[in-house]
Amino acid sequence: MKKKEELDNNAPDESGLSRRKFLGATALAGAVGATGLGGAVMTRESWAAAVKDAKNKYHVAPGELDEYYGFWSGGHQGEVRVLGVPSMRELMRIPVFNVDSATGWGITNESKEILGGDRQYLNGDCHHPHISMEDGRYDGKYLFINDKANSRIARIRLDIMKTDRITHIPNVQAIHGLRLQKVPRTKYVFCNAEFVIPHPNDGSDFSLENSYTMFTAVDADSMEVAWQVIVDGNLDNTDADYTGKYAASTCYNSEKAAELAGTMRNDRDWVVVFNVERIERAVIAGNHKTVGDSKVPVVDGRGKSEFTRYIPVPKNPHGLNTSPDGKYFIANGKLSPTCSVIQIDKLDDLFDDNIELRDTIVAEPELGLGPLHTTYDGRGNAYTTLFIDSQVVKWNVADAIRHYNGEDVNYIRQKLDVHYQPGHNHASLTESRDADGKWLVVLSKFSKDRFLPVGPLHPENDQLVDISGEEMKLVHDGPAFAEPHDCILVRRDQIRTKKIYDRDDPLFDKAKAQAEKDGLTLESANEVVRDGNKVRVYMTSVAPQFGLTEFKVREGDEVTVYVTNLDMIEDVTHGFCMVNHGVSMEISPQQTASVTFTAGKPGVYWYYCNWFCHALHMEMGGRMLVEKA
């Protein structure tokens, strides 16, 4: 095992070169001779040739399509961003927990209903995007994402790239880690609530004695909460196995402290493993309770519970990642320079009390300072971000196990400088059985000097690394705005999007039902229906004209405008913007969208199409005439 001083930025290695000088500011490919790959440090010429080869691989010419979709969490923006990989071109932004004036998300009636009506928040904090699976492979149907800020999760339909359900998680605060059941299919969305709170949380008790958090399973189909498990400590990240039986989460603050120093006293915290089958049986048998006003079944997984096992690992562990061969959970040490490799097929014996907790650990390689997250190439290698070292380390899992068993073997293949302080990393298809080891995205928290200065607030840096060969090669820097945490890469053939909406899409079922009550058909209605002080305005749109170019209401009326885009051509999206009323929305081909607002002071108010759709786009508009009440 390497000594700490050998892992320090300026410590010399066996060749007498410091690590920084050896790897170089240009992210030279790594300790080639020292890692057993053969050869010596690359010459300037060979390095230039390698970089040119890598750049040719990631260059996507105009008119060509990327090999992968990449879905990025939008961080504090509360959205999901869609990129093409390897070009790293941004293709789309999917609003989720945020308000978006371009699409009308958070403004339209359809989006407000999904956001939760009177429970709507104006912010979100998205961390972990994950795609639904069948038999351990991406099925391309849904993407799920968490909101740490307001204890929610969301589901996105990938056929239209729109959020279709949002669920508020009861009894907990701050949904952080989120992963999906992989096998036999995504039945559950597993959610880690990070912060402990008292129960009941009604202001009667502020002590930590009665405080705890929970692990939550959400039914992926209904988006209803299926069950919850009370745990010790603060839950961090989570993942699931390839049998459908186990999920595991990193867990810090075994000290039950409320202040920073207290949370770091213990040398070890835990990976808590959940026995999904046992939990399901208890819920079905009625061996559970409820908490507060929630009707969600809750079982107690604290201490020596039949539902959980707490495997001691060093220290304030962070990321938890399942290897694509299904053999291991790997927990990243954060405050320890190590990762802990848990052998999944030992968990049956652990839950049957045939072995000790630490017997499940088959390796604990020392990798560098600040290991946070690990991803895989499907060839037996793992890639771990080192936050303090500003590096990604490539290491071989089998060799790490041999080293743990006493063999004299170097498991580290390469260290690559990244810029700077990496958090998550993600390799192509790595969360599935199909991990292909082509590309690695490294999401670095600081960009410092990598881009043109833009004031005190800097972008982050999403870097693309070619991992298709023996050596990692950095090929792209991508500035990112506040603050992507994680991403997921899937092959483009695994995502099947619609070109235009189907007219029976459930997204506008309520608009269709209201039109039927009013004796109208959305596809042909261009008229006004008054119901007391409520006015419903129906109109169609075909570029470059609205079907209704003028309507009258009274001051203070509650006005709902329904627009149905009758264009059949993909990419002919219309918009509806009512001037001086805070109203704006997107209506894609064959979509119906609606928005409700209060008519302002008497006068004339123009509405117009705010998505460019035609050469006469500027002329596409109409007038709302507001009469005195």
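Residues numbered from 1 in each chain as written. Predicted model: local features only at pLDDT ≥ 70, side-chain atom pairs only at ≥ 80, totals over all residues. Heavy atoms only, no water.

Peer 1: I'm lost on the overall build of the protein in this one. Help?
Peer 2: Of the regular secondary structure elements, the protein holds eight helices and 40 strands. In terms of overall size, the protein behaves like a compact globule, its C-alpha atoms giving a radius of gyration of 27 Å where 629 residues would be expected to give roughly 25 Å. Here the C-alpha coordinates of the protein stretch approximately 85 × 65 × 45 Å along the principal axes. Expressed as a percentage of its 629 residues, the buried residues of the protein come to 60%. A sequence separation of at least 24 residues applies to 59% of the contacts in the protein between residues at least 6 apart. Split by element, the accessible area of the protein, about 25700 Å² in all, is 51% carbon and sulfur. Put simply, the protein has 71 plus and 91 minus side-chain charges, and the middle of one group is 1 Å from the middle of the other. (Helix = DSSP H or I, 4+ residues; strand = E, 2+ residues; numbered from the N terminus. Rg over C-alpha atoms; globule rule 2.2 N^0.38 Å. Buried < 20%, exposed > 50% of the residue type's maximum accessible area, 1.4 Å probe, protein only. Contact = heavy atoms within 4.5 Å. Areas by Shrake-Rupley, 256 points an atom, 1.4 Å probe, with all protein chains shown as cover. Lys, Arg positive; Asp, Glu negative; His and termini not counted. Charge placed at Lys NZ, Arg CZ, Asp CG, Glu CD.)

Peer 1: Looking at this structure, how should I read the UniProt feature "binding site: Cu cation Z4" (unreviewed entry) in the protein?
Peer 2: The sites that UniProt annotates as "binding site: Cu cation Z4" (unreviewed entry) are H485. Along the polypeptide, H485 turns up in the loop between strand 29 (473-480) and strand 30 (487-491). Residue contacts for H485: discarding those within four places in its chain leaves S73, G75, D125, C126, H127, H424, L443 and K445. (UniProt positions renumbered as here; feature names shortened; annotations may be inferred.)

Peer 1: Explain helix 5 (residues 276-285) to me, please; I cannot follow it from the model alone.
Peer 2: Restricting attention to buried positions, one finds in helix 5 the residues V276, R278, I279, E280, A282 and V283. Two residues or fewer past helix 5, G286 is found with a positive phi of approximately 80°.

Peer 1: Where do I start with the nonpolar core in this structure?
Peer 2: The tendency in soluble globular proteins is for nonpolar side chains to be buried side by side. Counting residues in hydrophobic clusters, the biggest one holds 39 residues, and the most contacted among them are F71, W72 and L143. A543, V572, Y605 and Y607 belong to the second-largest nonpolar core, a separate cluster that totals 29 residues. (Core = buried A, V, L, I, M, F, W, Y, C linked by side-chain atoms within 4.5 Å.)

Peer 1: Looking at this structure, how should I read the sheet that holds strand 22 (residues 371-376)?
Peer 2: Within a sheet, each strand pairs with its neighbour through backbone hydrogen bonds, oriented either parallel or antiparallel. Here four strands make up an open sheet; going across it, the order is 22-23-24-25 and the pairing antiparallel. Edge positions in the sheet fall to strand 22 and strand 25 (412-417), since each has one partner strand and no second. Taking the axes of each pair of neighbouring strands and ignoring which way they run, one obtains an average angle of 20° across the sheet. Here strand 22 pairs with strand 23 (residues 381-386) via four bridges, running antiparallel. Counterpart to T374 in the pairing with strand 23 is T384. Where helix 7 (residues 397-404) meets the sheet, its contacts fall on strand 23, strand 24 (391-396) and strand 25, and the angle it forms with strand 24 comes to roughly 70°. (Pairing = 2+ DSSP bridges. Axes fitted to C-alpha atoms, helices over the stretch in contact; angles between N-to-C directions.)

Peer 1: How should helix 7 be read in this particular structure?
Peer 2: Each turn of an α-helix holds 3.6 residues, which means side chains three or four residues apart point in the same direction. Residues of helix 7 that are buried: V397, D399, A400 and I401. Here the buried face of helix 7 lies against strand 19 (328-332), strand 21 (361-363), strand 23, strand 24 and strand 25. Near the N-terminus of helix 7, the side chain that reaches the backbone nitrogen of A398, with its oxygen 3.2 Å away, is that of N396. Once helix 7 ends, the next one or two residues include G406, with phi positive near 105°. (Polar contact = N/O pair within 3.5 Å; in protein donor to acceptor, adjacent residues only side chain to side chain.)

Peer 1: It is not clear to me how the sheet that holds strand 40 (residues 621-627) should be interpreted in this structure. Could you clarify?
Peer 2: Read across the sheet, five strands follow the order 34-40-39-36-37 without closing on themselves; strand pairing throughout is mixed. Of all the strands in the sheet, the pair left with one neighbour each is strand 34 (550-554) and strand 37 (583-587). If you compare each strand with its neighbour and ignore which way they point, the axes differ by 20° on average. By the bridge criterion, five bridges tie strand 34 to strand 40 in an arrangement that is parallel. Among the inter-strand pairings, E550 is bridged to a residue of strand 40, identified as R623.

Peer 1: When you look at the layout of surface pockets in this model, what are you seeing that I'm missing?
Peer 2: In this structure, the largest pocket occupies an estimated 1100 Å³ of space. Of all the secondary-structure elements, those providing two or more residues to the lining of the largest pocket are strand 1 (68-73), strand 2 (79-85) and strand 3 (89-95). For the lining of the largest pocket, the leading source of residues is strand 3, giving six residues. Looking at the lining of the largest pocket, its residues break down into 17 nonpolar, five polar and 13 charged. (1 Å grid on protein atoms, 1.4 Å probe; cavity = no way out; pocket = protein on both sides within 12 Å on 5 of 7 lines; lining within 4 Å. Points joined across faces, edges and corners; volume = space filled by probe spheres on them. Nonpolar A, V, L, I, M, F, W, Y, C, P; charged D, E, K, R; others polar.)

Peer 1: Just to check I follow, could you spell out the pattern of salt bridges for this structure?
Peer 2: Once the charged atoms of two side chains with opposite charge are near each other, the side chains can pair. Taken as a whole and judged by the stated rule, the model has 42 salt bridges. Notably, a salt bridge pairs R402 with D399, separated by 2.8 Å at the nearest N-O pair. Of this pair, R402 and D399 both sit in helix 7, three residues apart, roughly one helical turn. Where salt bridges share partners, they join E79, R81, E90 and R93 into one cluster. (Salt bridge = Lys/Arg side-chain N within 4 Å of Asp/Glu carboxyl O.)

Peer 1: How should the packing of aromatic side chains be read in this particular structure?
Peer 2: The description of two aromatic rings rests on the distance between their centres and on the angle between their planes. Under the defined criterion, the tally for this structure stands at 16 aromatic pairs. Judged by centre distance (5.5 Å) and plane angle (20°), the rings of F190 and F215 are stacked. Here F190, found in strand 9 (residues 188-195), pairs with F215, found in strand 11 (residues 211-219); they are 25 residues apart in sequence, far enough to count as distant. Taking relative accessible area as the criterion, F190 reaches 0% and is therefore assigned buried. Residue classification places F215 among the buried residues on the basis of a relative accessible area of 0%. Their ring planes at 65° and their centres at 5.6 Å tell us that F546 and Y607 sit as a pair that is edge-to-face. With F546 in strand 33 (residues 545-546) and Y607 in strand 39 (residues 603-608), this pair connects stretches of sequence that are 61 residues apart. For F546, a relative accessible area of 2% translates into the label buried. Look at Y607 and you get buried, because its relative accessible area is 0%. (Phe/Tyr/Trp six-rings, centres within 6.5 Å; stacked < 30°, edge-to-face > 60°.)

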